[in-house]
Amino acid sequence: MSLGMVYSAALHGMEVKFIRVEADLSNGLPMFHMVGYLSSEVKEAGERVRTAIRNSGLEIPVKKTVINLSPGSVRKRGASFDLPIALAILASQNLVRQEALERVLTVGELGLDGSIRDVPGVLPIVWEARKQGYRLCIVPAGNEAEAALVEGVPVLAAGSLAQLLDLLEGNKLPSGKRKTAIQKGKNAETAFVGDFQEVRGQGAVKRAAEIAVAGGHNFLMVGPPGSGKSMIARRIPTILPPLEMEEALEITKIYSVQGMLEKDTPLIRHRPFREVHHTVTKAALIGGGLIPAPGEISLAHKGVLFLDELTEFSRPVLEVLRQPLEEKRIRLTRKQGVYEFPADFMLAAAMNPCPCGYYPDAGRCTCTPASISQYLGKVSQPFLSRIDICMDTPAVEYRNLQGSAGEETSEKIRQRVCLARERQLWRYRAEPWKTNASLPAKKIPEYCALGDKEEAIMEHAFQKMGLTARTYHKVLKVARTIADLDGKDKIQSCHLSEAIGYRLPDTKYWGNLC
Amino acid sequence: MKYEYWLSCIRPLAGKKKELLRSSVGSARDVYYIEEKKLREMAFLTEKDRETIRNFQKKGDLETEYDRLLERGIRLVACHDPAYPRRLKRSAGYPYALFVKGRLPDDDRLSVAIVGARQCSAYGERQALRFAEYLAGRGVQIISGMARGIDGAAGRGAINGGGDTYAVLGSGVDVCYPAQNRGLYADITNRGGILSEQLPGTAPRKEHFPARNRIISGLADAVLVMEARERSGSLITADMALEQGRDVYALPGPVDSTLSKGCNRLIRQGAGILLGPEELLEEMVSEPALAALLPGEREGQRECEKSDKNKKVLESAENIVYSCLGLYPRDTSSLLEETGLSPAALMETLVALQIRGYIKEISKGYYIRTS
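Residues numbered from 1 in each chain as written. Chains lettered and ligands numbered in written order. Predicted model: local features only at pLDDT ≥ 70, side-chain atom pairs only at ≥ 80, totals over all residues.

All right, on to the overall build of chain A then. A count of helices and strands for chain A gives 23 helices and 18 strands. The dimensions of chain A, computed from C-alpha atoms along their principal axes, are 90 × 45 × 45 Å. When the 514 residues of chain A are sorted by exposure, 47% land in the buried category. Long-range contacts, defined here as pairs at least 24 residues apart, represent 75% of the contacts in chain A between residues at least 6 apart. (Helix = DSSP H or I, 4+ residues; strand = E, 2+ residues; numbered from the N terminus. Buried ≥ 20, exposed ≤ 12 C-beta atoms within 10 Å, placed from the backbone. Contact = placed C-beta atoms within 7 Å.)

Structure below.
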């Protein structure tokens, strides 16, 4: 028999498409031909594969060689088809038994010396392979730990082609048992810097941050330079609730596609915190490319996306965030199809109140009313309407900088946050969402019921403080979170009042400040 | 009249010279048709002035230009016109002619100018509103510059008080600057008048403003400075007012507020101290005239009662927070420290006070008292 068949997979965004690699060696003019809607990096595989096979001490006859990657309608990119192509050629010459490759999924890049190199996206591929009932996954040795995160499908990891052939011949196939047990969070806590204890003063802002994290609410800080906005934002990871395994795998899959995993400890065990510079492009933020790669919003999935100096971002870049903030995912449409990435993140943002930063301190602010309103106008209303909690961060007084007495540690705050999250999980156990922030408007009356006294407060606030219908819902959701932090099942008047205090200043204040 | 308009249009020629020229030949029409020889006889004109006049004589269609102004409700009042404000005529450096949209201030009624910083504090803004409202409600005409901040608040206060108010602009009378004051501009046009020495259509330029300030003080019997930084246009107005022999009053403010520095300095230099609109009126008006202006009212007592009432209704936490707040905005962090309340309790109290209208959030996280 001169036909070899190997299964592999291609990534399209987060979606895994299975590819069958066929190799046929026949009599005819010696040539090496590859077909199947290939990108140029896949076509280059031919040279690598032939050299790698030769350097592994094997020989393939000089014949007419045709390689086909099917289905022909799927564009194939990347170097992960090297290994499947090599195995298909070897199988066609019976250098590898074809039976040994039945229902086996293979990915890997080859070096000229026959070594097998890491490829991105192993985790989602192995994940899908298990679902599809493959009996074995062959992955590069460098991706072994990552592939091992998926339970229920055996993984064969090899460092070189020669080693792989030995393993396949020796029939010593690994069992489904995990060789590398799920690593215990080495990379988890070490990634964090700082603690809320180090933030002096700003008690009100810390409280607001705690509420924002507890309910997953989008959070905006407004204040003069040096008031600790960035400092507080960067410490938000220290009070985020721990990840569940399912969520951790979800995040790890995204990082796997981007090739951003650590070799030995691939599992992402902490919620990501992505700080984005204001020169970021649309494509980098939401994902992009001909075949889209995940952007920052997806890398912040289940974690926090921090936009410092919000007013400096270009407006079109901020506007593209509107949709993913609502839908918790991003859909990118390209000629070849629609690519979907998860993007369920909490937005934290910081900005100055005016170009010089000191408004409304009339003694220090040197801005004209026109320049202030122009500055604030850089952030559009529809974008602001997705912010649930807005807090000012006033300049810190000198006396607050001394001594650390009485400041709470992040761990303490985190415990409260976790309790509040548990209450939410329990309440929404029958619903598709998990946090108060993602509570849909039509379910608000059911989950945020108010008593008579609370209704009266809302009515007063609506009239006296000019609340809008939009802020109304947000106030209720934030009040729900405050009640959860307080351990109460019903929203009480104190929770509601506090929530009203965190609302975003409405258009009147925002657009026309003087 | 169109010749008057023509004469007013000659911007490079000083107002004083125009007046001399006009009085020596008889009328604006005669100036228009003046002969070269006669022009040379005028000793006070320089060669350059003559050149300017000759150039302007060739200029376009006066009739239609002037008619178009009238159609838009803009009048021209030259300084020899009996309608020209008497107070202004008596002050140094009065303009040759004023363009007016609406009415001119009544010469027989008391008029007060209220000026101050464009970027003012909530305190200054509220006092400007209060003084203007009180005075306008008692028949005093309010003159201001319709700028942002204090001036605008004064205009608004006068309209709230149901009185007459006049704005002197640094641009043409048909140019609303700043554009946000469009509503106020319309109200002032209906309830008083917009005045300017600039030609209609002139854009606001910073060199126009000091000249505009001398008209403001010239039209008023007294000038009230609400808030002024140490180097500010309001102080220029105050200086001009003193030169013109007007009374200057300044609103005292905290000594550590940059916005009140100019005012406090004026007080030190001998300006009158503004303690309240009632006192001001008493000081400016003789006893019998005052009785006519104030038909048996004394508001002081009522306000005292009100603040007593405030105290009774407020709960203890609310009382603590309320007493920490004043006329200058306070931020949440400093309140937190001073009151010793928890962040949650403070936020709750602030909202409760807001709902009941005792305090106001002027910018995100900054609060002031409302009364």
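The discussion continues.
What follows is about the overall build of chain B. When you go through chain B residue by residue, the secondary structure sums to 19 helices and 12 strands. Taken along its principal axes, the extent of the C-alpha atoms in chain B is 85 × 45 × 40 Å. Taken across its 371 residues, chain B has 46% of its residues classed as buried. Residue pairs in contact within chain B that sit at least 24 positions apart in sequence constitute 68% of those at least 6 positions apart.

With that out of the way, let us pick up the UniProt feature "domain: Smf/DprA SLOG" (unreviewed entry) in chain B. With numbering aligned to this structure, UniProt lists the feature "domain: Smf/DprA SLOG" (unreviewed entry) at residues 76-284 of chain B. The span residues 76-284 of chain B is 40% helix and 17% strand, and its two end C-alpha atoms sit 31 Å from each other. (UniProt positions renumbered as here; feature names shortened; annotations may be inferred.)

Now for the domain arrangement of chain A. Residue and element names in this part refer to chain A. Per the domain assignment, the segments making up chain A are domain 1 (3-170) and domain 2 (187-511). In this structure, domain 1 and domain 2 have C-alpha centres spaced 44 Å apart. Contributing elements (two or more residues each) for the side of domain 1 that touches domain 2: β1 (3-12), α4 (122-132) and α5 (144-147). The dominant element in the side of domain 1 that touches domain 2, judged by the number of residues it contributes, is α4, at four residues. Within the side of domain 1 that touches domain 2, the residues separate by chemical class into nine nonpolar, four polar and three charged. (Domains from an automatic or database assignment. Nonpolar A, V, L, I, M, F, W, Y, C, P; charged D, E, K, R; others polar.)

This part covers the interface of chain B and chain A. Accessible area lost when the parts come together is the quantity often used to give the size of an interface. Counting residues at the interface gives 29 residues for chain B and 30 residues for chain A. Counting only elements with at least two residues in the side of chain B that touches chain A, the list comes to α13 (258-268), α18 (332-339), α19 (343-355) and β11 (359-363) of chain B. For the side of chain B that touches chain A, the leading source of residues is α19 of chain B, giving 10 residues. The residue inventory of the side of chain B that touches chain A, partitioned by class, reads 13 nonpolar, 12 polar and four charged.

Let us now look at the sheet that holds strand β18 (residues 389-392) of chain A. Paired through backbone hydrogen bonds, the strands of a sheet run either parallel or antiparallel to each other. All names here are of chain A. With respect to topology, five strands assemble into an open sheet ordered β11-β14-β17-β10-β18, the strand pairing being parallel. The strands lining the two open edges of the sheet, one partner per strand, are β11 (273-276) and β18. Across the sheet, the mean angle separating the axes of adjacent strands is 15° when strand polarity is ignored. Where β11 lies against strand β14 (residues 304-307), four bridges are found, and the strand directions are parallel. Bridge pairing links E275 to F306 in β14. Along the sheet, helix α8 (residues 203-215) contacts β10 (219-222), β17 (346-351) and β18; its crossing angle with β18, the most-contacted strand, is approximately 165°. (Pairing = 2+ DSSP bridges. Axes fitted to C-alpha atoms, helices over the stretch in contact; angles between N-to-C directions.)

Turning to the confidence of the model for chain B, a few remarks are in order. Residues and elements named next belong to chain B. For chain B, mean pLDDT is 84; residues scoring 70 or higher make up 91% of the total. By mean pLDDT, helix α16 (residues 300-313) is the weakest element of chain B at 46, and strand β5 (residues 165-168) is the strongest at 94. Segment residues 298-312 is flagged for pLDDT under 50; beyond a separation of four residues in sequence, or across chains, it makes three contacts in the model. In the model output, the complex is listed with pTM 0.75 alongside ipTM 0.73. (pLDDT = per-residue confidence, 0-100.)

Here the focus is unusual backbone geometry. Most peptide bonds take the trans configuration, and most residues that are not glycine carry a negative phi. Between S70 of chain A and P71 of chain A the backbone carries a cis peptide bond, its omega angle lying at 5°. Positionally, P71 of chain A belongs in the loop between β4 (64-70) and α3 (82-92). Omega for the peptide link from Y177 of chain B to P178 of chain B comes to -5°, which places this bond in the cis form. Note that P178 of chain B resides in the loop between β5 and α10 (182-191). A positive phi angle is found at N94 of chain A, which is not glycine, with a value near 60°. Considering the arrangement of structural elements, one finds N94 of chain A in the loop between α3 and β5 (104-106).

Taken domain by domain, chain B comprises domain 1 (1-71), domain 2 (111-293) and domain 3 (301-369). Averaged C-alpha coordinates put domain 1 of chain B and domain 2 of chain B at centres separated by 34 Å.

Bringing the sheet that holds strand β7 (residues 222-225) of chain B into the picture now. Residues and elements named next belong to chain B. Read across the sheet, nine strands follow the order β1-β2-β6-β5-β4-β3-β7-β8-β9 without closing on themselves; strand pairing throughout is mixed. Every other strand in the sheet has two partners, leaving β1 (74-78) and β9 (272-273) as the edge strands with one partner each. Pairing of strand β2 (residues 97-102) with strand β6 (residues 193-196), which is carried by four bridges, proceeds in the antiparallel orientation. For K101, the partnering residue across the bridge sits in β6 and is I194.

Next up on the list: α10 of chain B. Residue and element names in this part refer to chain B. Inspection of α10 places L184, Y185 and I188 among the buried residues, and these make up the whole buried set. All buried residues of α10 fall inside an arc of 105° around its axis, so they share one side. Residues R182, G183, A186 and N190 are exposed on α10 and point more than 90 degrees away from its buried face. Close packing links the buried residues of α10 with α9 (150-160), β5 and β6. (Arc of directions from axis to C-beta.)

On the secondary structure map, T468 of chain A appears in the loop between α20 (452-464) and α21 (469-485). Put simply, T468 of chain A and P30 of chain A are 438 residues apart on the chain and 76 Å apart in space, counted from C-alpha to C-alpha.

As defined by bridge partners, strand β15 (residues 329-334) of chain A adjoins strand β16 (residues 337-342) of chain A across six bridges and the pair is classed as antiparallel. When the bridges of β16 of chain A are listed, R329 of chain A appears paired with P342 of chain A.

With that settled, the discussion passes to the nonpolar core. With 159 residues, the main nonpolar core has I85, A86, V126, C137 and A479 of chain A as its most contacted residues. For A479 of chain A, the contacting residues outside a window of four places in its chain are C448, I491, H495, L496 and A499 of chain A. With 78 residues, the next largest nonpolar core counts A132, A147, L195 and V223 of chain B among its residues. (Core = buried A, V, L, I, M, F, W, Y, C linked by C-beta atoms within 7 Å.)

This part takes up the environment of F196 of chain A. All names here are of chain A. Mapped onto the elements, F196 comes out in the loop between α7 (186-190) and α8. Linking F196 and A23, residues 173 residues apart in sequence, is a C-alpha distance of 60 Å. Beyond its immediate sequence surroundings of up to four residues, F196 is in contact with K206, R235, T238, I239, E408, T409, S410 and I413.

Residue and element names in this part refer to chain B. It is the contact of α9 with α10, at a shortest axis distance of 10 Å, that shows an interaxial angle of 50°. In terms of orientation, α9 and α10 fall into the oblique class. In this structure, the crossing between α9 and α10 has a hand that is left-handed. Residues G152, G155, R156 and I159 of α9 lie in contact with α10, whose contacting residues are L184, D187, I188 and R191. Residues that form the contact of α9 with α10 fall into these classes: three nonpolar, two polar and three charged. (Parallel < 35°, antiparallel > 145°, perpendicular 65-115°, else oblique. Left-handed = near helix turned anticlockwise from the far one by under 90°.)

All right, on to the environment of E348 of chain B then. All names here are of chain B. When you line up the elements, E348 lands in helix α19. Look at E348 and you get buried, because 25 C-beta atoms sit within 10 Å. Sequence separation between E348 and A317 is 31 residues; the distance between their C-alpha atoms is 9.9 Å.

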